[in-house]
Amino acid sequence: GNSVTQMEGPVTLSEEAFLTINCTYTATGYPSLFWYVQYPGEGLQLLLKATKADDKGSNKGFEATYRKETTSFHLEKGSVQVSDSAVYFCALGDPFNKFYFGSGTKLNVKP
Amino acid sequence: SQTIHQWPATLVQPVGSPLSLECTVEGTSNPNLYWYRQAAGRGLQLLFYSVGIGQISSEVPQNLSASRPQDRQFILSSKKLLLSDSGFYLCAWSGTYSNQPQHFGDGTRLSIL
């Protein structure tokens, strides 16, 4: 079956630190992979996506590469800001656009 | 551009009362529609999804039901709310082709007293 596993949080970093949030998946077939961000009290916003192996999604300084050999889609950012504090969700989409979400990782960035 | 609207934003209801949450999408036709629930500090649980008018798939047996009376309208209902129905409810839509992202509404915070 399909599932997503994310590293547990919270992750606490100082401003300008390097960020990695790990995400691994299991899937039947050829899924698409997504990262979403959720700010307090709001819905989820699409951050980036990758639709096939070796694709790199990027947006607002965040990047993630679809690694089929390691079944991973780790989120990275070179220099985080206080405004990046939020909960980040990794998700797998099957060919019918049914999604499987990780449990979320809360990021706290301190000035 | 496409937009998704959910209402109300917050709702406080007594145990045993009925529920109706509404979600509408603009700027697209025949979207896939989804209802999720998010418990405090937790991930998302898919409740229902729909690929067309009157077509509803239920993911988790529960006290809730969903309906899609129009192409871009998705309603989440209950006849009698339970305390365990409290949570943050999110509606989402996607296109029908493969590899499409889901786009989320702002959510409804439901508190049961």
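Worth saying up front: this structure is predicted, and the values here are computed from it rather than measured. (Residues numbered from 1 in each chain as written. Chains lettered and ligands numbered in written order. Predicted model: local features only at pLDDT ≥ 70, side-chain atom pairs only at ≥ 80, totals over all residues. Heavy atoms only, no water.)

Colleague: Tell me about the overall build of chain A, and please be specific about residues and values.
Modeller: Each helix and strand counted, chain A has zero helices and 12 strands in total. For chain A, the N- to C-terminal ordering of α and β elements is β-β-β-β-β-β-β-β-β-β-β-β. By the compact-globule yardstick of 13 Å for 111 residues, chain A fits well, its C-alpha radius of gyration being 13 Å. Projected onto its principal axes, the C-alpha coordinates of chain A cover approximately 45 × 30 × 20 Å. Per-residue burial for chain A yields a buried fraction of 45% across its 111 residues. The long-range share in chain A, meaning contacts at least 24 apart out of those at least 6 apart in sequence, stands at 56%. Summing over all exposed atoms, chain A offers an accessible surface of approximately 5,300 Å²; the carbon and sulfur share of this is 50%. Taken together, the 10 basic and 11 acidic charged side chains of chain A have centroids lying 4 Å from each other. (Helix = DSSP H or I, 4+ residues; strand = E, 2+ residues; numbered from the N terminus. Rg over C-alpha atoms; globule rule 2.2 N^0.38 Å. Buried < 20%, exposed > 50% of the residue type's maximum accessible area, 1.4 Å probe, protein only. Contact = heavy atoms within 4.5 Å. Areas by Shrake-Rupley, 256 points an atom, 1.4 Å probe, with all protein chains shown as cover. Lys, Arg positive; Asp, Glu negative; His and termini not counted. Charge placed at Lys NZ, Arg CZ, Asp CG, Glu CD.)

Colleague: Report on the sheet that holds strand β3 (residues 19–21) of chain A, specifying residues and quantitative values.
Modeller: All names here are of chain A. Strand order in the open sheet formed by four strands is β3-β9-β8-β7, with antiparallel pairing between adjacent strands. The open sheet terminates on both sides in strands that have one partner only, identified here as β3 and β7 (56–59). Direction aside, neighbouring strands of the sheet carry axes that sit 15 degrees apart on average. (Pairing = 2+ DSSP bridges. Axes fitted to C-alpha atoms, helices over the stretch in contact; angles between N-to-C directions.)

Colleague: Describe the pattern of salt bridges, with residues and values.
Modeller: Tallied over the full model, the rule gives six salt bridges over all chains. We note a salt bridge from A:D55 to A:K52, for which the minimum N-O separation is 3.2 Å. The salt bridge partner of B:R68 is B:D71, with a shortest N-O separation of 3.3 Å. (Salt bridge = Lys/Arg side-chain N within 4 Å of Asp/Glu carboxyl O.)

Colleague: Kindly report on the side chain of B:T24, identifying the contributing residues and their values.
Modeller: Tracing the sequence through the fold places B:T24 in strand β3 (residues 19–26). Once residues within four sequence positions are removed from consideration, B:T24 is found in contact with B:T3, B:I4, B:H5, B:W7, B:R72 and B:Q73.

Colleague: Go over the sheet that holds β3(B), please, and point to the residues and values.
Modeller: Residues and elements named next belong to chain B. Spatial strand order, β1-β3-β8-β7: four strands in an open sheet with antiparallel pairing. Edge positions in the sheet fall to β1 (3–7) and β7 (65–70), since each has one partner strand and no second. Here the average twist between neighbouring strands, direction ignored, is 20 degrees. Here six bridges tie β3 to strand β8 (residues 73–78), and the two strands are oriented antiparallel to one another. Among the inter-strand pairings, T24 is bridged to a residue of β8, identified as Q73.

Colleague: Tell me about the interface of chain A and chain B, and please be specific about residues and values.
Modeller: Opposite the 20 residues of chain A that make contact, chain B presents 24 residues. Roughly 1,600 Å² of surface becomes buried between chain A and chain B when both sides are summed, with 50% attributable to carbon and sulfur atoms. In terms of surface lost to chain B, no three residues of chain A exceed A:L44, A:N97 and A:K98, which account for 33% of the buried area on that side. In this structure, B:E59 engages A:K98 in a salt bridge whose closest nitrogen and oxygen atoms are separated by 2.9 Å. (Buried area = accessible area lost by both parts, 1.4 Å probe.)

Colleague: How would you sum up the nonpolar core? Please name residues and give values.
Modeller: Grouped together as the largest cluster of nonpolar side chains are 25 residues, with contacts concentrated most on A:W35, A:L48, A:F73, A:L75 and A:Y88. Put simply, the parts of the chain that give this core at least two residues each are β2 (11–14), β3, β4 (23–26), β5 (32–38), β6 (44–50), β8 (62–65), β10 (86–93) and β12 (105–110) of chain A. Ranked by residues supplied to this core, first place goes to β10(A) with four residues. Here A:L75 is in contact with A:L19, A:T20, A:I21, A:W35, A:L47, A:L48, A:F62, A:E63, A:A64 and A:Y88, once residues within four sequence places are set aside. B:W35, B:F48, B:A66 and B:Y89 belong to the second-largest nonpolar core, a separate cluster that totals 20 residues. (Core = buried A, V, L, I, M, F, W, Y, C linked by side-chain atoms within 4.5 Å.)

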